[in-house]
Amino acid sequence: MSKVKVARKSTRIDMTAMSDVTVLLLTFFMLTSTFVKKEPVQVTTPASVSEIKIPETNILQILIDPKGKVFMSLDKQGDMIETLTSVGKDYGITFTADEFRKFKILKTFGVPMKNMKAFLAMTSENQDKVLKDLGIPTDKANNEFKSWIKNARATNKDVMSSLQDLRENRYNLITALKKVSAK
């Protein structure tokens, strides 16, 4: 009896469809993701069971590291410039257009006003290294933090006055969701 020869079939698999799906998924994730801002300190938010959504605009964020150093960020570049101008006036410091341009793109700031011009003159890599060691002064002799908050609120006075008209004097602390066991 003779052997039956089985025809060999090609082992080649067409990957075109899979690569199309991969590109579509990659595009979807790139367009729907939000980027995390660089922050000088890693903040571990406390857990809570509240599911209140925080607003997405007109945000003044205050970060405090375990050593008590204070850092701030504002979400609008126009507010950043106005606030820096106002705080600069409080301390008798004027800034150039280049310094305003550099300041408005900072994600987080926390520098004593006496060091602000030198800080803005640094490269962004050096700013990141130095920022962790600085922080906005909050001591009794030189409480620059009060000036920053006062001027940031004045910059965003429409929002603050609307909240006060509504007698809304509560503010949100950002927390992570706490897992609650089912009873």
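Everything numeric here is computed off the predicted structure, so don't read it as measured data.

**Student:** Report on the packing of aromatic side chains, specifying residues and quantitative values.
**Tutor:** Taken as a whole and assessed by the stated rule, the structure comprises 3 aromatic pairs. A ring pair is formed by Phe103 and Phe109, whose centres lie 5.0 Å apart and whose planes are at 55°; its orientation type is tilted. Comparing Phe103 with Phe109 shows no difference in burial state: the two are buried.

**Student:** Would you mind going over the nonpolar core in detail, with residue names and values included?
**Tutor:** In this structure, Leu84, Phe95, Phe103, Phe109, Met113, Met116 and Trp148 are the most contacted members of the largest nonpolar core, which totals 24 residues. Only β3 (70-74), α2 (77-90), α3 (97-104), α4 (113-121) and α6 (144-155) provide two or more residues apiece to this core. Beyond its immediate chain neighbours, meaning those up to four positions away, Trp148 contacts Met72, Thr83, Leu84, Val87, Phe103, Phe109, Met113, Met116 and Ile136.

**Student:** Pulling in residues and values, what's your account of the pattern of salt bridges?
**Tutor:** Considering all chains together, one arrives at 3 salt bridges under this definition. Here Asp98 and Arg101 are joined by a salt bridge, their closest N and O atoms 2.5 Å apart. Of this pair, Asp98 and Arg101 both sit in helix α3, separated by 3 residues, roughly a single helical turn. Using a relative accessible area of 36% as the deciding quantity, one classes Asp98 as partly exposed.

Conventions used here
Residues numbered from 1 in each chain as written. Predicted model: local features only at pLDDT ≥ 70, side-chain atom pairs only at ≥ 80, totals over all residues. Heavy atoms only, no water. Phe/Tyr/Trp six-rings, centres within 6.5 Å; stacked < 30°, edge-to-face > 60°. Buried < 20%, exposed > 50% of the residue type's maximum accessible area, 1.4 Å probe, protein only. Core = buried A, V, L, I, M, F, W, Y, C linked by side-chain atoms within 4.5 Å. Helix = DSSP H or I, 4+ residues; strand = E, 2+ residues; numbered from the N terminus. Contact = heavy atoms within 4.5 Å. Salt bridge = Lys/Arg side-chain N within 4 Å of Asp/Glu carboxyl O.

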